[in-house]
Amino acid sequence: HTTMGNATGTAASQNAGVFTKAERTALLTRFNKIDSGKQGYLSKRQLLTSLSPTMACFPLVENIVDVIIRRRMRNDGTAMVASKKARKLAQNSVFPADFLVFASMFSPKQKQARKLVVLFEVFDPDGDGYAKEEDVATIFRQLFGTYYDNGQLEAMTHAVFVQADVDADGQLSFREFLRLLSQTDLAHSLSRLL
């Protein structure tokens, strides 16, 4: 697992400016406290159950963890070359650098542009660079499912999607996603992140 843990160093260095040395040390100390078995990584479940109640109730928190893990696996090649067992471990593990990236997403010091890119990747789970209407519907269900029934969610998703899909190709590019955020109350719903 050393490769997987070290490969995220690039991501961590990209986020190094977000935290002071003392903050990084405190975050890594917290990571080590959660990693009571001293494995050098956390399961997604360990991370999610260790979150503060305020952060844990943010509906997209698990999606953000998944984006960070997908990025790491893409960057270190785990998704391509690892055995099935190693891939499964990597898909469900949060390494120290992943933990720092995750924490940076909720830091007011993180650049909004970086947060928007990660947020777009939440809406683009297959990583093809486009959010499809069904992807938007899935996220809307997570965000608003307790407030609206399925019919209302479907109508809302379709209306918002059509409005943001400027080129009418049935998918949202990053630019169209930014339009979606600016023309709806979605940015308000995601204010804890943005």
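Going along each chain's sequence as written, the residues are numbered from 1 onward. Totals for whole chains, interfaces and linings use every residue, but because this is a predicted model, local features are given only for residues with pLDDT of at least 70 and side-chain atom pairs only at 80 or more, for both listing and counting. Side-chain calculation: all heavy atoms of the structure are included, whereas hydrogens and water are not.

Mean pLDDT for the protein: 85, with 85% of residues reaching 70 or above. The quantity called pLDDT is the predictor's confidence in a given residue, expressed from 0 to 100. A run of H or I in DSSP becomes a helix once it reaches four residues, and a run of E becomes a strand once it reaches two; helices and strands are each numbered from the N terminus. Confidence, read as mean pLDDT per element, is least for helix α1 (residues 2-7) in the protein (40) and greatest for helix α3 (residues 21-34) (96). Whether two residues touch is decided by their heavy atoms; if any such pair falls within 4.5 Å, the residues are in contact. In the model, residues 1-9 has pLDDT below 50 throughout and makes 19 contacts with residues more than four positions away in sequence or in other chains.

Below, the discussion takes up the pattern of salt bridges. The salt bridge definition used is simple: a Lys or Arg side-chain nitrogen within 4 Å of an Asp or Glu carboxyl oxygen. Enumeration according to the criterion identifies 7 salt bridges in this entry. In the salt-bridge network here, residues are joined through shared partners; they are K44, E62 and D66.

Grouped together as the largest cluster of nonpolar side chains are 48 residues, with contacts concentrated most on I64, F102, F123 and L186. Elements that contribute at least two residues to this core include exactly α3, α6 (61-76), α9 (96-105), α10 (112-123), α11 (133-144), α12 (150-164) and α13 (174-183). For this core, the element with the highest residue contribution is α6, accounting for 7 residues. Discounting chain neighbours no more than four positions away, the residues touching F102 are L47, L51, M55, V61, I64, V65 and I68. In these notes, a set of buried Ala, Val, Leu, Ile, Met, Phe, Trp, Tyr and Cys residues joined through side-chain atoms within 4.5 Å is what counts as a nonpolar core. Accessibility here uses a 1.4 Å probe with only protein chains present; expressed as a share of the type maximum, an area under 20% marks a residue as buried, one over 50% as exposed, and anything in between as partly exposed.

Of note in the backbone geometry, K38 takes a positive phi value of approximately 55° without being a glycine. Mapped onto the elements of the fold, K38 is located in the loop between α3 and β1 (42-43). For K38, a relative accessible area of 61% corresponds to the exposed category. One non-glycine residue with positive phi stands out, namely A168, at about 50°.

Here we take up α12. Relative to the 21 Å expected for 15 residues at 1.5 Å per residue, α12 spans 21 Å between its end C-alpha atoms, a close match to the ideal helical length. For α12, the full list of buried residues reads L153, T157, V160, F161 and A164. Angular distribution of buried residues about the axis of α12 spans 100°; they occupy a single face of the element. Every exposed residue of α12 that faces more than 90 degrees away from the buried side is listed here: E154 and V162. Contact partners of the buried residues in α12: β3 (131-132), α11, β4 (171-172) and α13. Here a polar contact is taken to be a pair of N or O atoms separated by no more than 3.5 Å, where protein atoms must pair a possible hydrogen donor with a possible acceptor and residues adjacent in sequence count only if both atoms sit in side chains. Capping the start of α12 is the job of one residue whose side-chain oxygen sits 3.0 Å from the backbone nitrogen of G151: D149. By this rule, a helix spans an expected 1.5 Å times one less than how many residues it contains. Each C-beta atom gives one direction from the helix axis, and the arc is the one those directions make.

Given a rise of 1.5 Å per residue, 14 residues ought to cover 20 Å, and the 20 Å separating the end C-alpha atoms of α3 matches this to within 8%. Looking at α3, one finds that the buried residues are L27, F31 and I34. The buried residues of α3 all sit within an arc of 65° when viewed along its axis, so they share a single face. Exposed positions of α3 whose direction lies more than 90 degrees from the buried face are K21, A22 and K33. Contacts made by the buried residues of α3 are with β1, α4 (44-50), β2 (93-94) and α9.

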